[in-house]
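This is what each chain is made of:
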Amino acid sequence: DKDRKILMILQKNARETLTNMSRNVGLSVDAVHNRIKKMVEHGIFSQTININPRAIGYPIICETKVRLKDASRKDAEVFDKYLKNSPHIIEAFHIIGDWDYTIVFIAKDTIDLGNIMQDVRFQFNKIIADWRSVTNLSDIKFEEYDMMKL
């Protein structure tokens, strides 16, 4: 499928020229441009960049699972808003299973991480039942999709 080929090319080099993509995919430059535009409009991908936190001074990346207790819908909405607006939280997901959330924190060092996490735990101590964290040592694969195999 032509769209999948375009996505594979863009994953490897988001700045690839339309001319090179059109040659590799076998479509005109205009056709490639229109397909990219439609994929963006349909939310298949966004035209943003991925930032490596370690490269900008945040070498500590910590994934935390959180379970809520006795949280009303309003409590959860306030918690969600906090997660979304915190500059030290780079990902947050609602999940199903033993936990309610997966949260990814970034920090300058372990003291910074402790302070950031304590702020969350103290502010939401009435609704957080349990909390488990692991620190990422290195990246093996991050947001990479083999569109030709999916």
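Now for a description of the structure that goes with this document.

This part takes up a nonpolar patch on the surface. On the surface, a nonpolar cluster with roughly 350 Å² of combined accessible area is contributed by Ile-49, Ile-51 and Ile-56. Counting through the fold element by element, Ile-49 comes out in the loop between α3 (29-41) and β1 (60-68).

This part takes up the nonpolar core. The tendency in soluble globular proteins is for nonpolar side chains to be buried as a group. In terms of nonpolar packing, the biggest core is built from 19 residues, with Val-66, Phe-79, Ile-103, Phe-105 and Ile-128 touching the most fellow members. Residue assignment for this core shows that the elements contributing at least two residues are β1, α4 (73-85), β3 (101-107), α5 (110-123) and β4 (128-136). When neighbours within four sequence positions are excluded, Phe-105 is seen to be in contact with Ile-60, Ile-61, Cys-62, Thr-64, His-88, Ile-89, Leu-113, Ile-116, Met-117, Val-120 and Trp-131. Leu-7, Leu-10, Ile-36 and Met-39 belong to the second largest nonpolar core, which has eleven residues in total.

On to the pairing of β1. Two faces, one strand: in a regular strand the side chains alternate between the faces of the sheet. Where β1 lies against β3, seven bridges are found, and the strand directions are antiparallel. Following the sheet pairing, Ile-60 is matched in β3 by Ala-107. As paired elements, β1 and β4 share eight bridges and run antiparallel to each other. Across the sheet, the residue bridging to Ile-61 is Asn-136, located in β4.

A separate point is the packing of helix α2 (residues 18-25) against α3. At their nearest, the axes of α2 and α3 sit 8 Å apart, and the two run at 100° to each other. By the angle between their directions, the pair α2 and α3 is classed as roughly perpendicular. Facing Leu-18, Thr-19, Met-21 and Ser-22 of α2, the residues of α3 in contact are Val-29, Val-32, His-33 and Ile-36. Classifying every residue of the contact of α2 with α3 by side-chain character gives five nonpolar, three polar and no charged.

The rules behind these values
- Residues numbered from 1 in each chain as written.
- Predicted model: local features only at pLDDT ≥ 70, side-chain atom pairs only at ≥ 80, totals over all residues.
- Heavy atoms only, no water.
- Patch = residues over 30% accessible without salt bridge, like charges linked within 9 Å, V, L, I, M, F, W, Y side chains within 5 Å.
- Areas by Shrake-Rupley, 256 points an atom, 1.4 Å probe, with all protein chains shown as cover.
- Salt bridge = Lys/Arg side-chain N within 4 Å of Asp/Glu carboxyl O.
- Helix = DSSP H or I, 4+ residues; strand = E, 2+ residues; numbered from the N terminus.
- Core = buried A, V, L, I, M, F, W, Y, C linked by side-chain atoms within 4.5 Å.
- Buried < 20%, exposed > 50% of the residue type's maximum accessible area, 1.4 Å probe, protein only.
- Contact = heavy atoms within 4.5 Å.
- Pairing = 2+ DSSP bridges.
- Axes fitted to C-alpha atoms, helices over the stretch in contact; angles between N-to-C directions.
- Parallel < 35°, antiparallel > 145°, perpendicular 65-115°, else oblique.
- Nonpolar A, V, L, I, M, F, W, Y, C, P; charged D, E, K, R; others polar.

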